[in-house]
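# A closer look at the structure
Chain residues, written in single-letter form:
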Amino acid sequence: MLEIRKLNKSYGKNKVLTDINLIIEENKIYGLLGRNGAGKTTLLNLISSQILRNSGEIRLDNEEVFENPKAVENICLVKDFPDSIKERKVKDILALAKVLYKNWDEEYKNYLVKEFNLNVKKKLLKLSTGNKTIVGLIIGLASKSRLTIFDEPTLGLDAAMRYKFYNLLLEDYEKNPRTIIISTHLIDEVANLFEEVIILNEERITLKDEVSTLKERSYFLSGREDLINAIIKDKRIIHREEFGTTKIVGIYGNLTEEEIKYSKDNNIEISNIPLQKLFIYLTENIMKGECYNGFN
Amino acid sequence: MDSTKRVLKFQTYGMKKSVGVFWSVLLTINIFTYILIGYFNSNIRIGIFDSRTNTFSIVAGNIMPIFIFLIVYGIVMYHEDFALALNFGVTRKDFYKSVIFNNLLVILVFSVIQSTLQVIDKNIMGLLGYKPMVEFSIFNISTDNIWFIMLTLALLFLTIASITNLLGILQYRFGYKLWIGLGVVFTVGQIMGNFTIKTIIALSEILLWLQGKLHYPTVLIIGFAIIIICYILGYFQIKKANIKK
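Note that this is a predicted model, so its numbers are computed, not measured.

This part takes up the packing of helix α3 (residues 90–100) of chain A against helix α5 (residues 129–143) of chain A. Angle between the axes and distance between the axes are the two parameters that describe a pair of packed helices. Residue and element names in this part refer to chain A. One can describe the packing of α3 onto α5 by two numbers: an axis separation of 11 Å at closest approach and a directional angle of 20 degrees. When the axes of α3 and α5 are compared, the pair comes out roughly parallel. Crossing handedness for the pair α3 and α5: right-handed. Note on element contacts: α5 touches α3 through Val135, Ile138 and Ile139, opposite Val90, Ile93, Leu94 and Ala97. When the residues that make up the contact of α3 with α5 are grouped by side-chain class, the tally is seven nonpolar, no polar and no charged.

Here you go:
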């Protein structure tokens, strides 16, 4: 569906993205993860043609995206609104979104406004941070765009609203499958939504994999240090903690059946690493110069 | 509905309200001035008064607010609408095409209203006992027909709109740097060329003199040249514009 080739972007002398290669498939939910300043928003802005790139290609259904109405009308990027439009009333912004998005679902928008209990007569400026975010979420969901991108979609939302959004997103995704990219820092909350994860770090995409594969490949081993050391000697260690004689080790890689049996026999506890922790450990290790799936 | 039509609809959405409010205020002021002069014999002169010919026109004073409206409209078009349109998946080219169409529409509405008002004003001023102002350099209310006046005003407004459109784009792209740049140019001009208020007055007098001497076709060609140059320059600037926070 979306193909990015050798994409480069810099702001003046500050390089933000280097040689990005990425393929986004149809009808999948992607999580775009990265530390602050990793270039996530820049990448999303480039995909939606909101900023200019230095070099490279971004193609949607094999057509260049930039200045191509046929391509950009299929992309909806939900992010913080530009300051200049915050004087406008919410109902006007929603009315304009209705005019511009070709697949706009007005009935669904009305349903979402009620669900989120949003006062559409207020100016955007007068809304709380959470409610401003909700306006964006309504636009993203009601746009029914083939590629819907949410950049920090839960900014300022309380837990109840965040879970309402996740549920609505999944509900709508099941009824109307489309491609969704979510860039967020609240990884564990949305981990169950993601089918694939893309990690952007230090200007590059350092990992792109199915969430299930990532989970299968990453383990915490917890037990006596001397017993653990026997299994981890050939493993890629991404985390280490020690409490007296007890050691907790995070490994990235597969465990053989013998190793699992050995662990059980020696009271070594094996558990999956939660996605958020895995992301932290991987990015820390990537920063040290390791790349985990050789994507680039 | 294709993307160009959707952008047009998007721009017309905001235009109707702002044009409506602007003309409501302006017409109220015009009517209020007629009442002040007619009923209360007030000495307040809201309009244009030529002491040499002793002629007076109330609605001719609308030109300055129209210019100001077009400046604000040009800046808001990019400061607000462009950012929003880009955010909602509109291409720069489609947006620009619809800006030009939108400008034409605004200018058409303005020239129809203003030329009709000019003709009505001539009659009302006569009824109120004033000598109406009929000669406006580029057209004459008494001798020229309404279509000619309308087209002339449309050309004048479109020339202004093309300049303010370019100003709006430059303001969007360069922000405060544009005004600093203009300030520097003005200051340097003042220092280097002894650019004083007297010089500005002298220049404007030369322009007025030229306006009287130039034939209508020449004015027409100059007007069209400014319009084309400004819109082309504007396109080259906007096609490189990024969305701003």
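Let us look at the packing of helix α3 (residues 92–127) of chain B against helix α4 (residues 146–174) of chain B. Residue and element names in this part refer to chain B. Two numbers describe how α3 lies on α4: the axes approach to 8 Å, and their chain directions differ by 140 degrees. Taken together, α3 and α4 sit at an angle that is classed as oblique. Relative to α4, the crossing made by α3 is right-handed. Counted together, Tyr96, Val99, Asn103, Leu104, Ile107, Phe110, Ser111, Val112, Gln114, Ser115, Thr116 and Val119 of α3 and Ile146, Ile149, Met150, Leu153, Ala154, Phe157, Leu158, Ala161, Asn165 and Ile169 of α4 form the full contact between these two elements. A per-class count over the contact of α3 with α4 returns 16 nonpolar, six polar and no charged.

Residues and elements named next belong to chain A. Along strand β13 (residues 246–252), five of the seven residues are buried, which leaves the element largely enclosed by surrounding structure. Sheet analysis places strand β11 (residues 218–224) next to β13, joined by seven bridges and oriented antiparallel. Bridging from a neighbouring strand, Arg224 pairs with Thr246 of β13. Relative to β13, strand β12 (residues 236–243) is paired through seven bridges, and the arrangement is antiparallel.

Cut-off values and rules
Residues numbered from 1 in each chain as written. Chains lettered and ligands numbered in written order. Predicted model: local features only at pLDDT ≥ 70, side-chain atom pairs only at ≥ 80, totals over all residues. Heavy atoms only, no water. Axes fitted to C-alpha atoms, helices over the stretch in contact; angles between N-to-C directions. Helix = DSSP H or I, 4+ residues; strand = E, 2+ residues; numbered from the N terminus. Parallel < 35°, antiparallel > 145°, perpendicular 65-115°, else oblique. Left-handed = near helix turned anticlockwise from the far one by under 90°. Contact = heavy atoms within 4.5 Å. Nonpolar A, V, L, I, M, F, W, Y, C, P; charged D, E, K, R; others polar. Buried < 20%, exposed > 50% of the residue type's maximum accessible area, 1.4 Å probe, protein only. Pairing = 2+ DSSP bridges.

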